[in-house]
Amino acid sequence: MENNNENVDENVVGLEDIVSEDEVDTASDYDPDQFVFAVDSEADFVKLNQEMLCVENVSKFNFPNLEVAYDFYNWYGKKTGFSARKSKVRKNAMGEIYEKTYLCHREGKRPNNMKPEKGKKKRPAKPETRCSCPAKMKVRLDGPSGRWNVSKFCDAHNHDMLPPKYEGMLPAHRKMSVADILEMNNMRDAGISTPQIYGSFASQSGGYNNVGFRKRDLYNEIGRQRMLQLSDIKGAIKYLREREVNEGSMFWRYTTDCEVADETEGTYVWVLEQLMVAMKDKMPSAVITDGDLAMRNAIKRVLPNAHHRLCAWHLCRNAASNVKNPEMVSMFRKCMLGDYEVSEFKHRWEVMVKEFRLEDNNWVKEMYDKKRMWATAYIRGKFFAGFRTTSRCEGLHGQLAKFVHSRHDLVAFLKNFDRFLEVLRYNELEADFESVCGDMMLETNLHALERSASKIFTKEVFILVRPAIARGSTMRVIGCTQLMSQTIFTVTKYGRSHKEWQVSYIEQPLLLKCSCQRMESFGLPCDHIIGVMVHLNIQELPNSLVLSRWTMGVKENAIEIRDGRNSIWDSVFDARCGYLDFLCKKMNRLGGRSTTRFNDIKDWVSNKIIVYSEADVSSGEGNENLSDEVGSTLKDPIRVGSKGCAAGSSTQARRRPHKCRQCGVVGHNRTTCPHKRKFDAFVESGVHEDGVSHVSAEGV
């Protein structure tokens, strides 16, 4: 070890002058009366053998700073069976520290605990760990050399030393490194629970004894990170700002109110207005809800041109609760979902009302007035892509519940919600891969049309289109009317000539429409149009029958330019981070095999972090450049309990007080009943040696 301080006395030598690297375990070539040992880093600790760690020799050690002095005493305590604790410091007139004392972890006495107030619960007292142990190490600053010399070293403990198997259990010997904390945060971001994280550390370390910290330290670190946040809402806003900086297409808005936001019309109006801003004023053409009045009014105000449809599942449930007749519910469902003409729908509705005598039922009257919001006969031609219920939304809620929980704060909710979106996008990526990987097998007789559809649509959509192509061969054109700008074909199904459809045909540009309006309602061509295409010998699907949302290449154009940066659908940023993470893990295994490799990689990575961080700050893209403009008046939202009701609510006032099942008195339960011990003793006294209880029913 090289001594870099020129002011050290001539009799102060480095440890390597006493012990070579090849003779660490057999240091016998030194004279403790002639040398003072300089310990400069943790690397020097391993060069000290047991003979050099006697009280006389440790009293001659010196250190470059207080951190190394504490690390040495703590390391010495780990080898011996105790841990170090920092104690008093002494300062000169200028406020500079010139003396520091380190103690055994069992020094001192626990203060007498105050007696708890009557009626309040008291936790069981923790074991006494302080016994006024006199062991200590005191270091003093040497002015000329600037090093800290051991001025006093006492190794006389008044307690038993811990065995080596417990050496890693003391708090001072349990420490999570920066790499451990980073790995823990990464696993928490992936949704892994804390016990599973600790098990992963144990698996990597070769056992729980080799982890270096306890499970409790994981929870303490998680709590410490939460405490570092100024507030929950400010942490959430900071996280969203960072996402906006890193991803150009990120959109987010927030508003403040003196009260907690609820499911009122005003709240829905604000949410829909922000949706319009995010969509650049592109209004949705259709909306499906459960019929909530506040939501319905908000949709009328913000989305006046959108067709509002009521959920079919909720309507069937309401029909069952208002009429309470399964046969009526079945007929109502047919009227609602049946693809009838308006005249036929009215006829079926009248038959249902007369059959079940619902002329005076207010709910039935109300539903008939709202028939344009739920009856297929009136909704035909409005694009809903086949959705008739809110089940898809409920399904997403079920999937989201696997990632977010009521115990999450706002920041954790946002991070886990992003994980949920990543899963959805990856599932979509897998579906896209299945669409482009290989060619679909042809199953119908119309190979040309089927092959054309397989090259255009995604796999899932093509599976829906193929039955219509197959049924197209069963359609027959039985009439043709030539108009000035278009041709009307009359189509019927083979063997069912009682029902006809009209298909209009325009040659330039090629446009086909059917009276069934399946294309307008579902976005997929119907078998009637396919029959006319077969009649006209059209072998490829025209653009008028293809919605871009169902095609395989629709995402290739989903590139948005914002703030001079390209933001693509599948984030390149995530792909780059993933590949760098893969390279770093591989470098970790290679670099950890030798000290030289480790030092080279550590220095190179540290320098790169500094360079890139400074570059991000100067360019305005780093997180450090994010200004916190959140006002001091912005407060965290009120936490609502997942069970029970709020204090002082009317519901709570109406609740009956709970009585003890043991004695019938209000104010406690059976577990905390003061008469429980007397009752248990009474029961035990009635049990004889044969184990048969002789307590009467009246006594119980």
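The structure contained in this document is the topic of the report that follows. (Residues numbered from 1 in each chain as written. Predicted model: local features only at pLDDT ≥ 70, side-chain atom pairs only at ≥ 80, totals over all residues. Heavy atoms only, no water.)

Here we look at the sheet that holds strand β13 (residues 511-514)
Okay, so step 1: Spatially, β10-β11-β12-β13 is the arrangement adopted by the four strands of the open sheet, whose pairing is antiparallel. A single partner strand is all that each edge strand has here, and the edge strands are β10 (475-482) and β13. If you compare each strand with its neighbour and ignore which way they point, the axes differ by 25 degrees on average.
Okay, so step 2: Alignment of strand β11 (residues 487-493) against strand β12 (residues 496-506), held across seven bridges, turns out to be antiparallel. Note on β12: the bridge partner recorded for T487 is Y505.
Okay, so step 3: In this fold helix α20 (residues 527-535) packs onto β10, β11, β12 and β13, with an angle of close to 135 degrees to the strand it touches most, β13. (Pairing = 2+ DSSP bridges. Helix = DSSP H or I, 4+ residues; strand = E, 2+ residues; numbered from the N terminus. Axes fitted to C-alpha atoms, helices over the stretch in contact; angles between N-to-C directions. Contact = heavy atoms within 4.5 Å.)

Looking at unusual backbone geometry
Okay, so step 1: Following Q508, the chain continues to P509 via a peptide bond in cis, the omega torsion being -10 degrees.
Okay, so step 2: Among the structural elements, P509 can be located in the loop between β12 and β13.
Okay, so step 3: Notably, K324 is not glycine yet its phi reads approximately 60 degrees, a positive angle.
Okay, so step 4: Within the secondary structure, K324 sits in the loop between α10 (312-323) and α11 (326-337).
Okay, so step 5: Taking relative accessible area as the criterion, K324 reaches 65% and is therefore assigned exposed. (Buried < 20%, exposed > 50% of the residue type's maximum accessible area, 1.4 Å probe, protein only.)

Description of the pattern of salt bridges
Okay, so step 1: Under the defined criterion, the tally for this structure stands at 15 salt bridges.
Okay, so step 2: In this structure, the salt-bridge partner of R90 is E99, at a minimum N-O distance of 3.5 Å.
Okay, so step 3: E99 sits in the buried class, given a relative accessible area of 5%.
Okay, so step 4: Put simply, R174 and D217 hold a salt bridge, and the shortest N to O gap is 2.8 Å. With a gap of 43 residues between them, R174 in the loop between β7 (147-154) and α4 (178-189) and D217 in helix α6 (residues 215-228) connect regions that are remote in the sequence.
Okay, so step 5: We classify R174 as buried; its relative accessible area is 13%.
Okay, so step 6: What emerges from the salt-bridge pattern is a single network uniting R90, E99 and R140. (Salt bridge = Lys/Arg side-chain N within 4 Å of Asp/Glu carboxyl O.)

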